[in-house]
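Analysis of the macromolecular model
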Amino acid sequence: MKIVTAHQMRELDRRTIHEAGVPGKTLMEQAGSGVVSAMEKTFDPLKGKTVTVFCGKGNNGGDGFVVARLLRRRGNAVRVCLLARTRDLKGDAKLMYQRFVKGAGRSSVLSTPSPDSMHQLVRQSHILVDALLGTGTSSPVTGLYHEAIHAMNASKAPTVAVDLPSGIDADTGATLATAVHADLTVTFGNPKLGLFLGAGIDHAGHLHCVDIGIPTQYVDDLHLSVDLLTPSAIRPWLPKRPASAHKGTFGHAGIIAGSSGKSGAAALAAKAALRAGAGLVTVATPASVQASVASGIPEVMTVPLPETADHTLSRQALSPLQTFVQSRNAIGMGPGLSTHAETAEVIRTLITRCESPLVIDADALNALTGHASLLHSCPLSTIVTPHPGEMARLLGESTAATVNGNRLGIAQDFARTHSSIVVLKGARTIIAHPHGPVAITPTGNPGMATAGTGDVLTGILTGLLAQGVSPWETAQSGVYLHGLAGDLAAQAYGYPSLMAGDLVAYLPQAITHVLHPVAPRS
């Protein structure tokens, strides 16, 4: 599914209305109907609840009046808080106001309300609907709109945002002085870029996208480069399991990981590679760490390597590692390796000599600090998986703030400049291809902000690469499955209690969910 900017969405609306001949009022009806359908699925039962709809004077407010009318038709007590005078309404928004008051009466609409009256309405409501500001907003929110957003955010009632939370920039996700904290955002046509960046991630809540009838050809004509990953998109990329298969069919993944006190990182990556479907997995690790890794995973093979006095990979490990990478279908390196200077030297040399599909993570990325140009000597199949702090170090920045302030642009620039596929981890992980395409995953949750989840991702990616999945498809499908496993685990354990091992345990369910989706009940 393509992600759009505000300008691109306006162009899609314009073509749909003026070229396809779909009236604006029809699009508005479809949008409002989609919001109500999403509310029915989210708030069960919806019928009987008191709903206050906050409307602006533009098309977003017109959508809100459709929502109000349809909710009233379903038996809800509905009040509309209009932050304008009724005579200021124009076009389709005015038409939808008229359709609402025809059944509900003018007394159901409170125009230009005082702050006190807004707070009173909010206190009497079970659900709030934010239809104040649409994608065209780019200036700071002030005055009555600021007060309305404050009233909604102060309420304990769940809030539904129409298209995007009011006060969020549709392109950057930045907060325009203040913004609605939505529990559910129902966006129309195509999801807006700002819902996946910056503050937009926290303000959007659960995201639901509604098809309002924009022709697919018009979306294709825009040649959009940013995709929102979906199960249907990644399903064809996951390896099939023919009945005649054997363990060699699904490749041999090599994991270079571990050091004293960090054997768990190697174990997590190895387990994840197996759960991702690799036929064979071997971990290359310092000799003193081998027993610890092997004891916890009987299905995994291990190779002991020469080590430093600190029990990290030594220079003498380089020769056996070169042999190791040549006999594996894919290599994942970095989890728990340490930042020991000698180990970092070995990793840098190995990166330049590895011809297998490669995943570079954690301490292998740290070894590239000040040496990122070495990535140019790698094949295009290399995937780098930095979190913002690691990316900042690769770029020579002092903190991750610079990266977090421009995640999309930095991921794209690094991928292009260093000829690598970039997986910039974090809330709504971004995957960038050297040639320009970008994908964003909707999966993942705050519970995954815990030690070891990155090691699990490294294992998943290496396992998929070992099975012959292309690097670009591996990066996208691996990130999606990683986040989905975390979401499934969070349903069982909650965010605070989530551990990296839970993602490995729920990875089979995530894969099954994608390969064999459950049909909705009729």
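This write-up is about the structure you can find in this document.

Quick look at the sheet that holds strand β4 (residues 127–131) now. Pairing in this open sheet of 7 strands is parallel, and the strands run β3-β2-β1-β4-β5-β6-β7 from one edge to the other. Across the chains shown, the open sheet's two edge strands, defined by having one partner strand only, are β3 (109–111) and β7 (206–210). Recorded for the sheet is a direction-independent mean angle of 20 degrees between the axes of neighbouring strands. When strand β6 (residues 184–188) meets β7, the two strands line up parallel, connected through 5 bridges. Bridged to T185 within β7 is L207.

Before going further, it helps to spend a moment on the packing of helix α18 (residues 453–466) against helix α19 (residues 471–493). Running from N to C, α18 and α19 cross one another at 140 degrees; their axes reach a closest spacing of 9 Å. With respect to their mutual orientation, α18 and α19 come out oblique. Where α18 crosses over α19, the handedness of that crossing is right-handed. Between α18, through T453, V456, L457, I460, L461, L464 and L465, and α19, the contact on the second element is made entirely by P471, T474, A475, S477, G478, V479 and H482. Looking at the contact of α18 with α19 residue by residue, the class counts come to 9 nonpolar, 5 polar and no charged.

One open sheet accounts for 10 strands, arranged β8-β17-β16-β15-β14-β13-β12-β9-β10-β11; its pairing is mixed. Taken across any chain shown, the strands that pair with only one partner, and hence form the sheet edges, are β8 (226–228) and β11 (301–305). Across 4 bridges, the pairing between strand β9 (residues 252–256) and strand β12 (residues 330–333) is parallel. When the bridges of β12 are listed, G254 appears paired with I331. Helix α17 (residues 407–418) contacts β14 (383–384), β15 (421–424), β16 (430–432) and β17 (438–440) of the sheet and is inclined by roughly 30 degrees relative to β16.

Moving on to the pattern of salt bridges. For the structure shown, the criterion picks out 14 salt bridges. With its nearest N and O atoms 2.8 Å apart, the salt bridge here joins R14 to E11. With a gap of 3 residues between them, R14 and E11 both fall in helix α1 (residues 6–18), about one helical turn apart. By relative accessible area, E11 is classed as partly exposed at 25%. The closest approach of N and O atoms between R315 and E342, which form a salt bridge, is 3.4 Å. With R315 in the loop between β11 and α12 (318–326) and E342 in helix α13 (residues 341–353), this residue pair connects regions lying 27 residues apart in the sequence. Classification of R315 as partly exposed rests on a relative accessible area of 45%. A network of salt bridges, in which partner residues are shared, links E11, R14, R15, E19 and D221.

Calculation notes
- Residues numbered from 1 in each chain as written.
- Predicted model: local features only at pLDDT ≥ 70, side-chain atom pairs only at ≥ 80, totals over all residues.
- Heavy atoms only, no water.
- Pairing = 2+ DSSP bridges.
- Helix = DSSP H or I, 4+ residues; strand = E, 2+ residues; numbered from the N terminus.
- Axes fitted to C-alpha atoms, helices over the stretch in contact; angles between N-to-C directions.
- Parallel < 35°, antiparallel > 145°, perpendicular 65-115°, else oblique.
- Left-handed = near helix turned anticlockwise from the far one by under 90°.
- Contact = heavy atoms within 4.5 Å.
- Nonpolar A, V, L, I, M, F, W, Y, C, P; charged D, E, K, R; others polar.
- Salt bridge = Lys/Arg side-chain N within 4 Å of Asp/Glu carboxyl O.
- Buried < 20%, exposed > 50% of the residue type's maximum accessible area, 1.4 Å probe, protein only.

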